[in-house]
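Each chain, letter by letter, is given below.
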Amino acid sequence: MIGILGGLNWEDGSSFLNTLGANGTDGHVEVVSDGVAESHDTARTNGPKLFCWSCSAVSVALYADSNSETVNPAQRVAEQYASSPESLNTVFGSAYSLALIDNANGKIFLSVDLFARFPLYFFQDSEGFRFSTSSIALTQNSGAKINPQSVFNYLYFHMVPTPDSIYQKVEAVESSHFIEITQQARSNQLIPGSSEMRTVKATGNDSQRLRDRLAGSVEQKSVECKATFLSGGLDSSTITGLLAKSREGDVDAYSVGFDAEGYDEMPYARLAAKHFGVRHHEIYLTPADVVKLLPKIAARYEEPFGNSSALPTLFCATAAAADGHKSMLAGDGGDELFAGNERYAKQKLFEFYLKLPTAARKLTEATVLSAPLLDKLPPFAKLQSYIQQARVPLPDRLETYNFFSRNRPEDVVHPELVKQIDTGAPLQLLRDVYQQPRDADSLHRMLWLDWKQTLADNDLRKVTTMCDLAGVDVHYPMLAPELIDLARTLPSSLLLPGQKLRHFYKQSFGDFLPQQIINKPKQGFGLPFGVWMRDYEPLKELAYDALSDLRKRNFLNENYLDELVKLHQHDHAAYYGEFIWVFMMLELWMQAHDF
């Protein structure tokens, strides 16, 4: 990806706006010349481009889709801003990311779209303001230090959620937000209309609208792209099928399998490939592959990143690149748009209890929660657990099974780190995002939360970065604006009737997908790391060496680390292996970036 690095000095009003090479810090750097418009491919195909424009008054860098305009879009934004500064509101909602430096008035505007495909990091001090698409480039040779709070946030979420970054004094523009900065003040606002959930009454045309819009989104990329990720799930199978229909079967689908019980979805991927008549490429990962690539994967991310499915994603993208493909289609987003995650249905169960009259709830709680010995009887123990969870408000209830909800931070985190952090900050971050939509019900608030954290901060960060490492671009047809607009309008009764996850989507594509895929349980590109680490000595050595080095950083309680290793070796290898993965990736990232 071609990135940007820019800034404004407060004292003399001078500014700069440079483009960064594909690797952020080790590529070429071009200065955007005064009065000259430039465009750069951010991808290797006809994907979004970086458009730049600079003159004595205004400098603009804009990530937007390719178009046939004769005027550079960045130049158009600069001219529009010069005539009407308030008009920037319309640009914030249509661009992927935007940076505008108003030299004359000492202002900077930054915005990032809903899914933060092109992130923007920034810091401000007494001398000026700096920003970049790369936190690594922004902090290079600056002596930047690690933010203790962000370390804890990473341990909690397995990634660093915006608006924080892993670095002290460096922030990230939150998805769907724009900021305005001067030397004296800074404002941070939601992009107008971005959080609105405008649900309307369901109609008989909703399924056809979904089919038409998703088919159109795939069709737009079908000329340049003939490769897909295929897990065998609903979304990757739909995208593969629609692309096959558009290209008359001339499609390469890439799948990853694991020789580990409970992890291999290859049979479903084969079924989808055969059903749609595409060329199917099966890749089986081994523990040796993990050992070889883990340090490289950890280093590639701008910040520590603990999602273990990054590795199978990289293998699919690398195989496609080796076959000559320049871009791929991915199915990310379907569960978050059309209510496919199990937590949505589970939270709905608690709504029944909360709808009981207050007097009835108090009587039930007094009887069930206070009666002695009832918790020894399995049916009543489950009832007690249900009531206790129901009493916790959303979004806190979503974290009931989070590791730090079940374990005191003081027992896991090193005492030195505990002194420097707010252990309640992760939950407050979730609350703030959950409350952003106005007049939305609980399901649509959960969807919005997942758009920003599950997609923008996690899944898309994972896939985009691994595709960039492999040398291919990736497109997300599910996340086209017309599909987002549709998802905003669909009522909860249509998205999740009773406990039927993805009900509307399955009805819409019931005659297009094989019934075995319609009815299969959700899985995805999970990695059997914990099992492999227990049985494959080189992988165990890599992980344990990383944990040994991590001990020296005073992030985690040493007694907890000792207990974790014992539990992994003698108890539930898959479960505890995930925690070791998260800690290991933190250490490997720190080493790769010289901390």
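Just so you know, these numbers come straight off a predicted model, no measurement behind them.

Per-residue confidence for the protein chain gives a mean pLDDT of 90, with 93% of residues at or over 70. For residues 23–37, every residue scores under 50 in pLDDT, and the model assigns this stretch 40 contacts once sequence neighbours within four places are set aside.

Looking now at the packing of aromatic side chains. Tallied over the entire structure, the rule returns 28 aromatic pairs. Both rings, one in Phe350 and one in Tyr386, keep their centres 5.2 Å apart while their planes meet at 25 degrees; by these two values the pair is stacked. Of this pair, Phe350 sits in helix H11 (residues 342–354) while Tyr386 sits in helix H13 (residues 378–390), and the two are 36 residues apart along the sequence. With relative accessibility at 3%, the residue Phe350 sits in the buried group. Between Phe403 and Phe579, the ring centres sit 4.6 Å apart and the planes meet at 50 degrees, which makes this aromatic pair tilted.

Below, the discussion takes up the packing of helix H8 (residues 287–300) against helix H18 (residues 442–470). In contact at an axis separation of 10 Å, H8 and H18 are set at 115 degrees when each is read in the N-to-C sense. Every pair of crossing elements has a handedness; the one defined by H8 and H18 is right-handed. Here H8 contributes Lys296, Ile297 and Arg300 to the contact with H18, which in turn contributes Thr465, Met466, Asp468 and Leu469. A per-class count over the contact of H8 with H18 returns three nonpolar, one polar and three charged.

Another point: the state of the cysteines. Within this structure, the stated rule accounts for zero disulfides. Among the cysteines around Cys55, which has no disulfide bond, Cys52 carries the closest sulfur, lying 13 Å off. A relative accessible area of 25% places Cys55 in the partly exposed class. Cys467 supplies the cysteine sulfur nearest to Cys225, a cysteine that is in no disulfide, at a spacing of 10 Å. Taking relative accessible area as the criterion, Cys225 reaches 0% and is therefore assigned buried.

Let us now look at the pairing of strand E1 (residues 3–9). Extensive coverage of E1 is indicated by the burial of six of its seven residues. In this structure, the hairpin formed by E1 and strand E2 (residues 15–20) is closed by a connection of five residues, where Gly13 is found at a positive phi of approximately 75 degrees. Examined bridge by bridge, E1 and strand E10 (residues 128–132) share five bridges and lie antiparallel to one another. Counterpart to Leu8 in the pairing with E10 is Phe129.

Take the pattern of salt bridges next. On inspection of all chains with the given rule, the structure shows 28 salt bridges. Note that Arg343 and Asp450 form a salt bridge whose closest N and O atoms lie 2.8 Å from each other. Placement of the pair is Arg343 in helix H11 and Asp450 in helix H18, with a sequence separation of 107 residues. Judged by relative accessible area, which is 5%, Asp450 ranks as buried. Its salt-bridge partner being Arg461, residue Asp457 comes within 3.4 Å of it at the nearest N-O pair. With Asp457 and Arg461 both in helix H18, this residue pair falls four residues apart, about one helical turn. Arg461 sits in the buried class, given a relative accessible area of 17%. Salt bridges sharing partners connect three or more residues here, namely Lys226, Arg247, Asp250, Asp252 and Arg279.

Reading guide: rules and limits
- Residues numbered from 1 in each chain as written.
- Predicted model: local features only at pLDDT ≥ 70, side-chain atom pairs only at ≥ 80, totals over all residues.
- Heavy atoms only, no water.
- pLDDT = per-residue confidence, 0-100.
- Contact = heavy atoms within 4.5 Å.
- Phe/Tyr/Trp six-rings, centres within 6.5 Å; stacked < 30°, edge-to-face > 60°.
- Helix = DSSP H or I, 4+ residues; strand = E, 2+ residues; numbered from the N terminus.
- Buried < 20%, exposed > 50% of the residue type's maximum accessible area, 1.4 Å probe, protein only.
- Axes fitted to C-alpha atoms, helices over the stretch in contact; angles between N-to-C directions.
- Left-handed = near helix turned anticlockwise from the far one by under 90°.
- Nonpolar A, V, L, I, M, F, W, Y, C, P; charged D, E, K, R; others polar.
- Disulfide = S-S within 2.5 Å.
- Pairing = 2+ DSSP bridges.
- Salt bridge = Lys/Arg side-chain N within 4 Å of Asp/Glu carboxyl O.

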